[in-house]
Structure formats: C-alpha cells, structure tokens
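Breakdown of the fold
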Amino acid sequence: MLKRRFIPVAMVCIFLFAVQGCGKKKLRVAHIYQPLAGPAHKLNFRWLKGIVRQFEEAHPRLDGVRLEQIPWDKIDAKSISDHRAGVSHDVLMTSPQFMPQHFKEGDLLDLTPYVSKWSKEKLDDISWSPSWRKCEQNGVRLGIPTGVHTRVVIFRRDFFEAAGLDPENPPKNLDELLEAARKLTRDTDGDGKTDVWGLGLYMGPLRATIELYFAPLLWHFGGKLYDRNADRAVFASEAGAKAARFLYDCIHEHKITPPWACSGTYDDVIQRPFLDGKLAMAWGWGNYWNKLLEKTGWIEGLVPPTPHGREIKVGVFVSPTKPRAQFTNSWALSIHKLSKRPQQAFSFIETAVKAENLEVYPDAGVPVLKSIWAKKEYQNHWYRVWREAAEAGRPMPSTPHYYDLADTVASALQEVILKRVDPAATLKRYQDEFNDRYARP
Amino acid sequence: MKRQVHWLLMILFCGLAVLPILWGIRTSLSPEGERSLVPSSVTLEHYRKILSQGFFYRYAFNSAIVSIGSLAVVAPLSLAAGYALARFRFWGSKMAPLLLAFPLLPAITFLVPLVRYLNVIGLYDSLPALILANSAFCTPFCVWMMRNFVHTVPVSLEEAGLLDGCSRFSLLWRIVLPSALPGLMAVTVFVFVQVWNNFIFAYALTTAQSLQVLPKAVVGFIGSWRTDWGGLMAMGILTLLPPVIVFQFLQRWFVAGMYGLSTK
Amino acid sequence: MTDMPVRRSQIVPTLLFLPAFLLLIFFWCVPLIPGLALALRSPGAEGDWPSLINYSRLLGEQTFRHNLLLSLVYVVGVVGAATPVAYAASLLMTRNIRGLRWSRSLLLIPWVVPAVVSSLIFRNLAGPEMAPLTQLYRLISGEPNLLPLQDSFWAMTTVILHSFWRSVPVMTLFLAAGIATIPTEFHEAAQTDGATSLQRFWHITFPLTRMHLAVGMLLVTAFTLQDAETVYALTGGGPHHGTEVAAVRLFKEAFDYGQFTTAAAIGSFLLAGGLCFMFLYLGSFRRTEVTL
C-alpha cells in the first residue's frame, strides 16, 4: 500500500531536482511585491512583469528573468546575509537608508562604470533627488532610485473652515501648527471624548517613528541622529530631548494627538483614521496614500495626474519645521556583488528606469525624473507642494547600523511617551547602549 | 451531575480553543475598516481576491509538495531508526536520549551556515532544500515517537516471522509496518502539520516567486505602506484549512499513535 | 519487557539507523558547528577568532539581560499556565463520555494552526479598541483606555496567552497518553479506600504520568524558548523592548541588523538555557515509583 504511495512521491522529487536546475541561468530580479496581498501589490507586480516582458523582448537571445520575492523590510538584510553565505543575486530592490551598511558589507556592485556611459541629460534628469545622492557612498554608486517617497502634512479643508482657519494659509511654523491643532481638536458628539484629533502622529515600534516624526523635529531643533565622523549616535542631545518632549506634549499636554498613536502600523494610525475623519491634520502623510484620496473623491484628477487636477476636501503643506525637511527616500535598484551577469542586470535596470516606465510605476511615488515633473499634469498647487517636499527632503543618516538605530530611537520614544519619563535621561541611556554595542574595542 | 460538569468543561475548553479562529474568520468576512465587534455586513471579497489569482494555487501546491516530500523522507527514516533503537542494542542506542535535545537547538543560529552549505551543494532556493531542512527538523522527535511505539508492539509476531525464515528487512515491511501503523499515522500528522506551517525555513532558504509557500505569503500581506487585515485573515484561514482537514481525517490514528507512548 | 536479546551483529541496526543519523548529521550538526562557532568571532566580515567580545558586550548590556529575563518569564508563564490546564483537559479527554470524539479534534486545533497566522490573529484580538482581548483587559485592569500593545505588561500577557493557547494541545496529548496507561484498578482500589478525586490525582495520576509530563514540558519549553516568529509577528518586541524575548533579539540581530556574531552568541545562550531546563525536567521526574 505504501509502496504505491512512495513511487509517485519519489518521481515528483526527482522531477523537482531536475526542474530547479533550469532556473539557475536566468537573470534573477528580487522584489518586494506579493501579488496576493491586495491591489497595491498587484499593480506593482504587474508593472514589474511589464518590465520583464520589455526586457525579454529586447534581448531574445538571453535566458529570461526569474523573479524572487523577499519581504520589504528584509530585502536589504537578505542581500547582506546571502553575500556572506556566498549566494548570488542579480538585480535587487534596495533602500537608500541601508546604503552605508551595504557599503561596509560590500554586497552591492559599484554602478559607476555603467552610469558613466549615460548622457549628461539623463544624469541631470535624475541626479537632483536626495535618494540619488544617498545611493552613492564614498564615490561608489550602489543604486539607482526609481521614484521619490516623501511626506507632507495633510489637512481637511472643511475642518479648517469650521474652526475659522484659512485653508489657503496653512501653518508655517511649529507654533502655528500647535495653535491650529488645538482649535481643530474637538468632541463632536458631546460624550466627553475627543472625536477629532488636531494632529495625527505615529510613535509605534517601527522605523516610521524616527523617519517621519522624530527626525524632522530633531533637525528643527538643530540636532542630528548620527555623527558620521565620530561614528556614534548623537540623538540624545539637547535637541533630541526637545524633539522628544514636543512629541510627548502633543499626546499628554496639548492632547491634540490620540493616545493610540503608539502601537499598530502607521497606516492604522495615520492613513485610516484620516480617511475616517478622526484626524484634522496628519503629519507624515506619504505620497503612496494619495491614490486613496482620489478613490474617495477628496482630490480629483491628481492621481494619476491630469492637467485639470484639483483639491476638493483636503490640502497639503510642507513640514513646518526650520529646515522644511521631511524624510525622503525611495526604492532603488541595485546589482548584487556576486552577480554573474552584471551587464544583463544593468540592462534590466535601464529598462526599468526609462521615463515612460517610471511614469507609470505605482510605487514610484512622485517622479524622480525632472523631465516628468516638467509636464503639464504636474503644474498645480498640489504637486508644487509635493515637489517642494521632495527637493527639501532629507535621507536618513549614514550609519552602517541603521535598522538598529531606528529600532533603538523608536523604543526610547515609546518609553518616554508610554511610561511618561524624562526624555533626556531615557534618550541618553538608549544612546549609550547603542554606542557601546558598536564601539571599537 | 458530574457528567454535566464534564460536558460543560469540555465545551468551555473547546470553545476557548476555537475562539481565536472564529475571530480570524470574522475579520476575514468583514468589510475593510470594520469597527464593530459583529460586522455590519458579510463580504466574501477578501476570499474572492485571493482565490481568483493563480499564485494562490501555486503556493498551495508548493506547500503540499514540501509537506508530502518531507513525509516521504521522515516516515521511512523514523520507522527504520525507531525500530533499530527499540529492538537492538548497538552504537546508536547511546544516542537515544539526545533525540529529545534536538528541539532545543536554536534553528535560527544555523540558518546562515545552512544557506552557504546548501548553496555549495547547489540546492539553495529550491523545494528539495525545504524538504530536507524540514525533514531534518522533524526527524528526531519522530524517531523518538516510533521507537516508543515499536516498544509497545509485541515481539512475538517478529519472532514467529524470523522462525519462518524472513529476512530482517522483509520482517520490517510485512509485519512491523502494519502493526506500527498508528504510530506512523501519528508521524504523518505531526510532519504534515509542522512542515505545512513552517515559516522560518521557507523564509531563509527560498526566494524565488514561484517557490513560495503559504505561510510566507501570509506574512507578505504586511506591507510597507498598508496592511490589509481582512485579506490577511482570509489568507490565514485558507492556509490553516489543509492541516486541519488532514488532522480531522487522521486524528483517531494520531491519538492512538500518541497513546502508544510508554515511559522509557 | 519487549526487547530482543542482545545481538552481536551490528549490521542490521546500523543500516536501519544510518539514514536518519546521516540526515541529522548533515542538516543539523554540520551547519550548527560553524553557526555556533561564530559566537566566538568578533563582529564584522573579517573578525578575530577566538574572541569573547560578543559575550562581554551582551552580558554588559541592560537590554540583553532584560531579554534573558523576558525569555525566562515567557517560558515559566507558558509552561506554568499550560500544565494545569492540560491536566484538566487530558483528564476530561480520557473519560469515556459519549460524543466527545469531535471535542478532541477541536481541542487540538490550536497546535494545527500556522504560528504566523495565530499570532497575527492574536495581534488583531488585542489591537483595536473594540477587540475582545482589549475589552477583557480593560475590565480586569480597571483602566478604560488601556491599549494592550502599548503596555509592556499586557503585551507580554498577550504573548504568553497566545503561546499557552498553542501549547495546551501538545501537553494534553502527552498527558492523556500517560493517563491512558494507568490501570483502572489503581483508581478503583483507591476509591474503595475512600480517597477523594484530588487525592487520587495527586497520589496516582500525577506520579505515574511524570515522564509524560516531563517530555511535554520539555517540548513546550523548547518551542517557547526558541520562538521568535510568533512574538515578532505579535508585538515586534515592543513596546520599548517590553516583549523582546531573547529569541526575538536573536532574530533581529540575524535577519534585520546583519550582526551574525551577536546572533550566534545569543543562540548559544538559548541552547544553554534549553539544556538547563532539560536536565531540570528529566532529573526531577526520574522517579516513577508509586506508593499505594
């Protein structure tokens, strides 16, 4: 009885052994999209398949492309661990925040010889963005950015009007922001509990906390997250304490930020509540959420951009901090150091970053090519704000231990806010522990 | 009176055991952004979106291949090794207590060396790699289970077979196997469930899109900019159905096989 | 005893044992040795060997000591909660009550569900305001605005609750297997002597199922100690390291931060801890005599 069961299974195993050998000659492209996981992933995956098709049609003599999927927050780490293990990849999606770590590890190929063959116009078109600069470390080009992900402060025009604020004149500095937020926080149904919060922030255990909320404030107060020369984290400075206190006050003092801002994912805390009308203003609104605004009709003709786009129910303004800088990054395309076909890989990347492809790439965010920005569809107030945010945007600091730094600062902030303790001392403790971990012996 | 109390307690335990799953089902059937405990409307949208895509069936197929493949490796190996440990005293007998120490070895620690190693053999990023890694993971406990089970099988049948001139191997095949069937069923259920649900090996040892297994796809729902809870739960419910069904069919054997465990 | 007499020929058992043995050697031991040896290498791609720097750094770090403490709390919490419940469930299961066969399969479902799925379900159960666990915790703690995943105590409780929920089936099965081997004459004799249920449990059932309990506890401990994926999916180690058990720290160091030497060192701690538990269980449960 079991003999009959074993033979087909054995045959399947042999078949698998045989088949899996065939994929090895293809160009491997590692991405982050899980087509089952909803429309956004599906559309991006479809875009990627379009690029694959274009590439395969343009190079019929090559062996084709094999797609690899790695979770978005693990793909950089996997590139590194696979490099250590001697496993090769070809094209990879990477994050600029990890470029210092990639540089230290040496797991990505220097693209300078390939990029040097580009025309001056092509380089000018792409080299303005913060991500482009971040993808180069010590003269080594580690990636080509495919878009711009930046953030602004978004607000409800109708709530502004109801509170006596002018939607055409949004807050320009932190004091105005706090004042506006106070006016906008209200209890609409008279049950004693706040229903609309003036300022949405996120302070959960994810990287978004320091990227979107702590860093801009730290920069505003004149501080830095990491000192590249001394190779130490310096976020526990006076500026850091002020930034932490600002966030703390938003929840506990001014009560303009909901207390549930410290857990969950940032779409649960910012995007969904804003669309549900629970937030009057939301800081750190990313351009990847704009499609939802178009879907609900709060903006019209802006996603995808058309010449007659307009804002109906919402407005946006750039972060009201002193360097009006909000965290700006993007996905980038890189080539793995151990790739056996770097020329092919770069050819694939070039196909992907063609203007006509980047224009329709859903995960691009706002355009990374100046030539796309020059088009008619982007000449309106909405996109002017996003362009300003993109140009003033800043990447994360150059530390080879970025993930740990982000986790450490996020944990420190959580402790300050949830346990209601002194910011300066808590930040210092976390900073010292982080520095001890990586101090040179 | 005592009987009613037992019944009531049993229902309580079963209810608590199943309650979280019911919550998962509730979320998977709720429209997006549902805020109240009992959903205002029931929607099959999440399931439809998943089941209408070819990838789901591909992933389910991969999960099945890995699970059945692992079973094909573990079942004969654990039966043979378990029999050897139960019936003989040889150099391997000293290692029997170590079997229980294997689950204590932290799997994550050896994943990076394992990746390098598999890459050298040329098996990295393939389903056979998953099959072998999962098999190795399940084998110690299954060997221990089979050893204990074979202990409970009376030796007289084998002695009769030997007197009739059977070789050891045909003895194993014709006599020991049928009487050890409950034990093997226990191994089947254990391996199938463990391997189907395994995430960590799939995560570390495969990257190809076409080789994903269901648990890895579930995690993929937690996106960088959005998390679709309804879809996530629907995917989770679909993923847990096959092991639950397999368990339902074989649970009688499984429990009987586990009952066969006696003290050392 | 059902053992055969000692055979002098070693060929047959060797041939039978060898495939499993080789599989374990090649897929466990061979990768494990360099994996653990990394713990003695200093960080970076070209580290020095041997070096104790990973251990001195980890032990000197408050957060890591907290990680170890949390691991201990996690294991003790899960095993401590699961054991009595598993005993109760196994006693019920081994009764000859009609219509309980369906209940057996339901009771064992938590173990059959994929760990990532159940941990995400529990995350959803303790996440939003109207979720059942959140409401329950609010009732118990008397804090109407409590958000469990923002409070290290309640987040840890949820983590323990989830693993407890997953572990009870395994222990129940083992204990039920043990209980089933106890001859009914023992209980009958005790009953005619006038022993109460509790006395019967303590003097008959418990001692005779000691070995099964030990193995069950060992398996649950092994799973819990190493468990990174469920805790990571449930809380990510937060809030502010409040649920970051050593296994989660190991996962983060290996897969997020790329610090493989630190990860290896943490792995060795987990292994050592696991072995301690193993000796503890098997040592204290060695005696199986029963005085009637």
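Residues numbered from 1 in each chain as written. Chains lettered and ligands numbered in written order. Predicted model: local features only at pLDDT ≥ 70, side-chain atom pairs only at ≥ 80, totals over all residues.

Take the overall build of chain A next. The helix and strand inventory of chain A stands at 19 helices and 15 strands. Taken against the 2.2 N^0.38 rule, which gives 22 Å for 441 residues, the C-alpha radius of gyration of chain A at 24 Å falls within 12% of a compact globule. For the C-alpha atoms alone, the extent of chain A along its principal axes is close to 70 × 65 × 60 Å. Relative to its full complement of 441 residues, chain A shows a buried share of 55%. Of all intrachain contacts in chain A linking residues separated by at least 6 positions in sequence, the fraction that spans at least 24 positions is 73%. (Helix = DSSP H or I, 4+ residues; strand = E, 2+ residues; numbered from the N terminus. Rg over C-alpha atoms; globule rule 2.2 N^0.38 Å. Buried ≥ 20, exposed ≤ 12 C-beta atoms within 10 Å, placed from the backbone. Contact = placed C-beta atoms within 7 Å.)

When helices and strands are tallied, chain C shows 14 helices and 0 strands. Each helix and strand of chain C, placed in order from N terminus to C terminus, yields the pattern α-α-α-α-α-α-α-α-α-α-α-α-α-α. Across its three principal axes, chain C shows a C-alpha extent of roughly 70 × 70 × 30 Å. For chain C, buried positions account for 52% of its 292 residues.

Our next topic: the interface of chain B and chain A. Taken together, the contacts link 33 residues of chain B with 37 residues of chain A. Counting only elements with at least two residues in the side of chain B that touches chain A, the list comes to helix 3 (54-87), helix 4 (111-121), helix 5 (127-152), helix 10 (214-219) and helix 11 (229-259) of chain B. When its residues are assigned to classes, the side of chain B that touches chain A shows 17 nonpolar, 13 polar and 3 charged. (Nonpolar A, V, L, I, M, F, W, Y, C, P; charged D, E, K, R; others polar.)

Right, let's talk about the interface of chain B and chain C for a bit. Each partner contributes residues to the interface: chain B has 79 residues there, and chain C has 77 residues. Those elements that place two or more of their residues in the side of chain B that touches chain C are helix 1 (2-29), helix 3, helix 4, helix 5, helix 8 (181-197), helix 10 and helix 11 of chain B. Here the side of chain B that touches chain C is built from residues that sort into 56 nonpolar, 17 polar and 6 charged.

Further remarks concern the nonpolar core. The biggest cluster of nonpolar side chains holds 318 residues, and the ones touching the most others in it are A:L247 and A:M281. Residue contacts for A:L247: discarding those within four places in its chain leaves A:L201, A:M203, A:Y213, A:L217, A:L413 and A:I417. (Core = buried A, V, L, I, M, F, W, Y, C linked by C-beta atoms within 7 Å.)

Moving on to the packing of helix 5 of chain B against helix 1 (residues 11-37) of chain C. Think of two packed helices as two axes; the pair is described by the angle between the axes and how far apart they sit. Running from N to C, helix 5 of chain B and helix 1 of chain C cross one another at 130°; their axes reach a closest spacing of 9 Å. With respect to helix 1 of chain C, the element helix 5 of chain B is oriented oblique. As helix 5 of chain B runs across helix 1 of chain C, the sense of the crossing is left-handed. Between helix 5 of chain B and helix 1 of chain C, the contacting residues are B:L132, B:A133, B:S135, B:A136, B:T139, B:P140 and B:V143 on the first element and C:A20, C:L23, C:L24, C:F27 and C:W28 on the second. When its residues are assigned to classes, the contact of helix 5 of chain B with helix 1 of chain C shows 10 nonpolar, 2 polar and no charged. (Axes fitted to C-alpha atoms, helices over the stretch in contact; angles between N-to-C directions. Parallel < 35°, antiparallel > 145°, perpendicular 65-115°, else oblique. Left-handed = near helix turned anticlockwise from the far one by under 90°.)

We now examine the sheet that holds strand 11 (residues 279-286) of chain A. Residue and element names in this part refer to chain A. Strands sit in the order 8-11-7-14 across an open sheet of 4 strands; the sheet is mixed. At either end of the open sheet lies a strand with only one pairing partner, and these are strand 8 (197-200) and strand 14 (314-317). Sheet twist, expressed as the average angle between the axes of neighbouring strands with direction ignored, equals 20°. Of the strand pairs in this sheet, strand 7 (residues 151-156) and strand 14 are connected by 4 bridges, and their pairing is antiparallel. From the neighbouring strand, F155 faces strand 14, where its bridge partner is G315. (Pairing = 2+ DSSP bridges.)

Moving on, we get to the domain arrangement of chain A. Residues and elements named next belong to chain A. One can read the domain layout of chain A as domain 1 (22-149 + 329-387) and domain 2 (151-327 + 401-438). Here the C-alpha centre of domain 2 lies 29 Å away from the C-alpha centre of domain 1. Taken together, the contact between domain 1 and domain 2 spans 16 residues of the former and 16 residues of the latter. Secondary structure elements with two or more residues in the side of domain 1 that touches domain 2: helix 4 (99-105) and helix 17 (381-392). A per-element tally of the side of domain 1 that touches domain 2 places helix 17 first, with 4 residues. Partitioned by chemical class, the residues of the side of domain 1 that touches domain 2 number 8 nonpolar, 6 polar and 2 charged. (Domains from an automatic or database assignment.)

Quick look at the packing of helix 3 (residues 62-93) of chain C against helix 13 (residues 246-256) of chain C now. All names here are of chain C. Two numbers describe how helix 3 lies on helix 13: the axes approach to 7 Å, and their chain directions differ by 130°. Accordingly, the angle class assigned to the pair helix 3 and helix 13 is oblique. Residue-level inspection shows F64, N67, L68 and S71 of helix 3 in contact with helix 13, the latter providing A246, A247 and R249. Of the residues contributing to the contact of helix 3 with helix 13, the split by class is 4 nonpolar, 2 polar and 1 charged.

So, on to helix 12 (residues 266-275) of chain A. Residues and elements named next belong to chain A. Across the 10 residues that make up helix 12, a large majority, 9, are buried. Of all the positions in helix 12, only Y266, D267, D268, V269, I270, Q271, R272, P273 and F274 are classed as buried. Where helix 12 is buried, its residues touch strand 7, strand 8, helix 10 (208-220) and strand 11. After helix 12 finishes, the residue G277 shows a positive phi value of roughly 80°.

This paragraph deals with the environment of A:T306. All names here are of chain A. On the secondary structure map, T306 appears in the loop between strand 12 (299-300) and strand 13 (310-311). Accessibility expressed as a C-beta count within 10 Å gives 13 for T306, which makes it partly exposed. Between the C-alpha atom of T306 and that of N380, which follows or precedes it by 74 residues, the distance is 9.8 Å. What T306 contacts, discounting residues up to four positions off in sequence, is G301 and E377.

To continue, consider the environment of A:S330. Residue and element names in this part refer to chain A. Assignment of secondary structure puts S330 in the loop between strand 14 and strand 15 (332-335). Sequence-wise, S330 and D195 are 135 residues apart; in three dimensions their C-alpha atoms are separated by 34 Å. With near-sequence residues (within four places) excluded, S330 lies in contact with P96, S131, P145, T146, G147, V148, H149, G365 and V368.

Residues and elements named next belong to chain C. Across chain C, the average pLDDT comes to 85, with 92% of residues at or above 70. Counting contacts from residues 288-292, a segment whose pLDDT is below 50, to residues more than four positions away or on other chains yields 6 contacts. Here the complex is predicted with pTM 0.89, and the ipTM for its interfaces comes to 0.87. (pLDDT = per-residue confidence, 0-100.)

Residue and element names in this part refer to chain A. Ordered in space as 2-1-3-15-6, the 5 strands form an open sheet in which the pairing is mixed. The sheet is open, and its two borders are formed by strand 2 (65-69) and strand 6 (144-145), each paired with just one other strand. Both strand 1 (residues 27-31) and strand 2 contribute to a ladder of 5 bridges, which runs parallel. Across the sheet, H31 pairs through a bridge with Q69, a residue of strand 2. Where helix 14 (residues 342-352) meets the sheet, it contacts strand 1, strand 3 (91-94), strand 6 and strand 15, and its direction lies at approximately 170° from that of strand 15.

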